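# Tertiary structure, described
Given next are the chains, with one letter for each unit.
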Amino acid sequence: MTGYDHVDRALLSALAADPRATVVALAERLRMSRNTVQARMARLEASGAFLSFERSIDPSPLGYPLEAFVAVHARQKVLSEVVVALAAIPEVIQAHGLSGQIDLLVRVVCRDAHDLFRIDEEILAIEGVERTETSLAMGELIPYRLGPLLDRSG
């Protein structure tokens, strides 16, 4: 899907505001028929408009109260193998490939500083990882959001 019309944007904005809203609730809120909302949702989903439907779960009650970002510098020729090895580490909850000085930005959760040191050692032990730089997350200041973009006229 290359763009959204005003109905798609209204629907997406309503979903951004209330991700758990039912089709009926969205239809009422947007003053549309349930069938229209359902058809639009199906079309948006089929086009790949929605990212993962996995619930965001707080890792703290699981025993992982700390979060860190690990900048990984790796050999380019084995980058895909490094990613496979990273995915095998349960504490790795997200990773992004980057351009520039850093090859991968890896988000990890840990129990404490000693656990973070262990995880960093595990990442460094991956064949192709040259070095890492680890920063402890102090708190999420702006959560993932698209509402402001959807609300922008255009």
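Residues numbered from 1 in each chain as written. Predicted model: local features only at pLDDT ≥ 70, side-chain atom pairs only at ≥ 80, totals over all residues. Heavy atoms only, no water.

### Considerations on the UniProt feature "domain: HTH asnC-type" (unreviewed entry) in the protein chain
The UniProt record marks residues 4-65 with the feature "domain: HTH asnC-type" (unreviewed entry), using the residue numbering of this structure. Annotated as residues 4-65, this span is 53% helix and 0% strand, and its ends, taken at the C-alpha atoms, are 39 Å apart. (UniProt positions renumbered as here; feature names shortened; annotations may be inferred. Helix = DSSP H or I, 4+ residues; strand = E, 2+ residues; numbered from the N terminus.)

### With respect to helix 5 (residues 113-124)
With twelve residues, helix 5 extends 16 Å from end C-alpha to end C-alpha; this agrees with the ideal 16 Å at 1.5 Å per step. Of all the positions in helix 5, only Asp115, Leu116, Ile119, Asp120 and Ile123 are classed as buried. All buried residues of helix 5 lie within an arc of 140 degrees about the axis, which places them on one face of the element. Across from the buried face of helix 5, at angles greater than 90 degrees, the exposed residues are His114 and Phe117. As for helix 5, its buried residues are in contact with strand 1 (66-74), helix 4 (79-87), strand 3 (104-110) and strand 4 (129-136). (Expected span 1.5 Å × (residues − 1). Buried < 20%, exposed > 50% of the residue type's maximum accessible area, 1.4 Å probe, protein only. Arc of directions from axis to C-beta. Contact = heavy atoms within 4.5 Å.)

### Some thoughts on the packing of helix 1 (residues 6-17) against helix 3 (residues 34-46)
Axis angle and axis distance: for two packed helices, these are the angle between their axes and the distance between the axes, and together they describe the pair. Taken N-terminus to C-terminus, the directions of helix 1 and helix 3 make an angle of 85 degrees; their axes are 11 Å apart at the nearest point. Between helix 1 and helix 3, the angle falls in the class roughly perpendicular. Across the interface between the two elements, Val7, Asp8, Leu11, Leu12 and Leu15 of helix 1 pack against Val37, Arg40, Met41, Arg43 and Leu44 of helix 3. Class assignment for the residues of the contact of helix 1 with helix 3 results in seven nonpolar, no polar and three charged. (Axes fitted to C-alpha atoms, helices over the stretch in contact; angles between N-to-C directions. Parallel < 35°, antiparallel > 145°, perpendicular 65-115°, else oblique. Nonpolar A, V, L, I, M, F, W, Y, C, P; charged D, E, K, R; others polar.)

### Some thoughts on the layout of surface pockets
As a volume, the largest pocket reaches approximately 2100 Å³. Lining the largest pocket are 42 residues, with Ser52, Glu54, Arg55, Ser56 and Tyr144 positioned closest to its centre. Elements represented by at least two residues in the lining of the largest pocket include exactly helix 1, strand 1, strand 2 (92-97), strand 3 and helix 6 (147-151). Residues of the lining of the largest pocket, tallied by class, amount to 28 nonpolar, six polar and eight charged. (1 Å grid on protein atoms, 1.4 Å probe; cavity = no way out; pocket = protein on both sides within 12 Å on 5 of 7 lines; lining within 4 Å. Points joined across faces, edges and corners; volume = space filled by probe spheres on them.)

### A few points about the pattern of salt bridges
In this structure the tally under the stated criterion is nine salt bridges. With a shortest N-O distance of 3.0 Å, aspartate 8 and arginine 43 are connected by a salt bridge. Of this pair, aspartate 8 sits in helix 1 while arginine 43 sits in helix 3, placing them 35 residues apart in sequence. The salt bridge partner of arginine 107 is glutamate 67, with a shortest N-O separation of 2.7 Å. Here arginine 107, found in strand 3, pairs with glutamate 67, found in strand 1; they are 40 residues apart in sequence, far enough to count as distant. (Salt bridge = Lys/Arg side-chain N within 4 Å of Asp/Glu carboxyl O.)

### Looking at unusual backbone geometry
Residues other than glycine seldom take positive phi values, yet arginine 31 does so here, at roughly 55 degrees. Here arginine 31 is to be found in the loop between helix 2 (23-30) and helix 3. In this structure arginine 31 comes out as exposed when scored by relative accessible area, which is 79%.

### Observations concerning the environment of arginine 29
Mapped onto the fold, arginine 29 is located in helix 2. A C-alpha to C-alpha distance of 10.0 Å links arginine 29 and alanine 10, two positions 19 residues apart in sequence. Setting aside residues no more than four positions away along its own chain, arginine 29 makes contact with Ala14, Ala17 and Asp18.

### Remarks on the environment of alanine 68
For alanine 68, the position within the fold is in strand 1. In this structure alanine 68 comes out as buried when scored by relative accessible area, which is 0%.

### Focus: the nonpolar core
If you look at the biggest cluster of nonpolar residues, it comprises 18 residues, and the most contacted ones within it are Val72, Val82, Leu86, Val106, Val108 and Ile123. Mapped onto this core, the elements with two or more residues apiece are strand 1, helix 4, strand 3 and helix 5. Contact partners of isoleucine 123, with chain neighbours within four places excluded, come to Val70, Val72, Leu86, Ile89, Val108, Val129 and Thr132. (Core = buried A, V, L, I, M, F, W, Y, C linked by side-chain atoms within 4.5 Å.)

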